[in-house]
Amino acid sequence: MDDREQDYDLATGQGLIACPRCDALHVEEEMDPGETARCIRCGSVLAKPREGAFAQLIALSFTSMVLLVGAVFFPFLEVSTMGFGNASSLFDVALAFAEGVLLPLVLAVLAMIIGLPIARAFLLVYTLAPLAQGRPPFRHAARAFRWSEIMRPWSMAEIFVIGTAVALVKVAGLATVHLGPAFWAFCALIFVNLASRAFMCQTSIWDAIEDAGLRTEFDAASRRGAGA
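Predicted model, so just to flag it, every value in this text is computed and none were measured.

(A) Structural detail: a nonpolar patch on the surface. A contiguous nonpolar patch, built from Val93, Phe97, Val101, Leu102, Leu105 and Val109 and spanning about 520 Å² of accessible area, is present on the exposed surface. By the element assignment, Val93 lies in helix H2 (residues 90-96).

(B) Broad picture of the packing of helix H3 (residues 103-132) against helix H7 (residues 202-211). Axis separation between H3 and H7 bottoms out at 11 Å; the angle between their running directions is 65°. Here H3 lies roughly perpendicular to H7, going by the angle between them. For H3 against H7, the interelement crossing comes out left-handed. Residues Thr127, Leu128 and Leu131 of H3 form the contact with H7, whose own contacting residues are Ile205, Ala208 and Ile209. A breakdown of the residues in the contact of H3 with H7 according to their chemical character gives 5 nonpolar, 1 polar and no charged.

(C) Representation of the pattern of salt bridges in the model. This structure, assessed with the given rule, holds 2 salt bridges. Residues Arg120 and Glu149 are paired through a salt bridge, measuring 3.5 Å at the closest nitrogen-oxygen approach. Of this pair, Arg120 sits in helix H3 while Glu149 sits in helix H4 (residues 141-151), and the two are 29 residues apart along the sequence. Residue classification places Arg120 among the buried positions, given a relative accessible area of 14%. With a closest N to O distance of 3.3 Å, Glu149 and Arg152 form a salt bridge. In this structure Glu149 comes out as buried when scored by relative accessible area, which is 17%. The exposure class assigned to Arg152 is partly exposed, which follows from its relative accessible area of 31%. Bridged by salt links that share partners, the residues Arg120, Glu149 and Arg152 form one connected network.

(D) Spatial organisation of the side chain of Thr127. One can find Thr127 in helix H3. At 2.9 Å, the side chain of Thr127 and the backbone oxygen of Leu123 are in polar contact. Here Phe145 takes part through its backbone nitrogen, which lies 3.5 Å from a polar atom of the side chain of Thr127. In this structure, Thr127 is in contact with Ala141, Ala144, Phe145, Ile205 and Ile209, ignoring residues within four places of it in sequence.

Here is what the cut-offs are and how they apply
Residues numbered from 1 in each chain as written. Predicted model: local features only at pLDDT ≥ 70, side-chain atom pairs only at ≥ 80, totals over all residues. Heavy atoms only, no water. Patch = residues over 30% accessible without salt bridge, like charges linked within 9 Å, V, L, I, M, F, W, Y side chains within 5 Å. Areas by Shrake-Rupley, 256 points an atom, 1.4 Å probe, with all protein chains shown as cover. Salt bridge = Lys/Arg side-chain N within 4 Å of Asp/Glu carboxyl O. Helix = DSSP H or I, 4+ residues; strand = E, 2+ residues; numbered from the N terminus. Axes fitted to C-alpha atoms, helices over the stretch in contact; angles between N-to-C directions. Parallel < 35°, antiparallel > 145°, perpendicular 65-115°, else oblique. Left-handed = near helix turned anticlockwise from the far one by under 90°. Contact = heavy atoms within 4.5 Å. Nonpolar A, V, L, I, M, F, W, Y, C, P; charged D, E, K, R; others polar. Buried < 20%, exposed > 50% of the residue type's maximum accessible area, 1.4 Å probe, protein only. Polar contact = N/O pair within 3.5 Å; in protein donor to acceptor, adjacent residues only side chain to side chain.

In structure tokens, the structure reads:
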């Protein structure tokens, strides 16, 4: 029997890694920074550890939070016509619709484009800050990282920028539109998110959490242990 066949358990999945696209199982092996592991079936990247990636992800997470806070309070755009102009921020828009039937819609939009990205950035910092310093992770690091991955598809800052750009094309024919700092903060956020995805290696993070002795299995036993 090959030595590698003794390093995994099909019953628990220990020592195995599944392709996120085609679910093919692979035997997990130690990788050096700069190496890339790809699925033998579909070629998807399974792991791509980078030297100093944890510190870079923390820096990018803090950058995201700063940009999002600025995007809320700085002027988003200024519309002027016939000598009259008005500049508003997302916070001003939220206050304008704080009452009435549109309040749930405003809260949902702010949660998707502001709340979730900030929460996800905070969860990443919570997970990675001790690991980047070579210390054991916090007690709920596995749960925090799992929730950050669940939130990722729902963080819609990029969709908001695209929708705003489409709306501005229509408004530009009726009035003069000047883009404010908040709009450019959202544009910068897109590039920050792209850089974060380039440095992100979920496999390396899960391995670091497991190497510290924390449970990462999402089962009844782990939930009881987290709640103890």
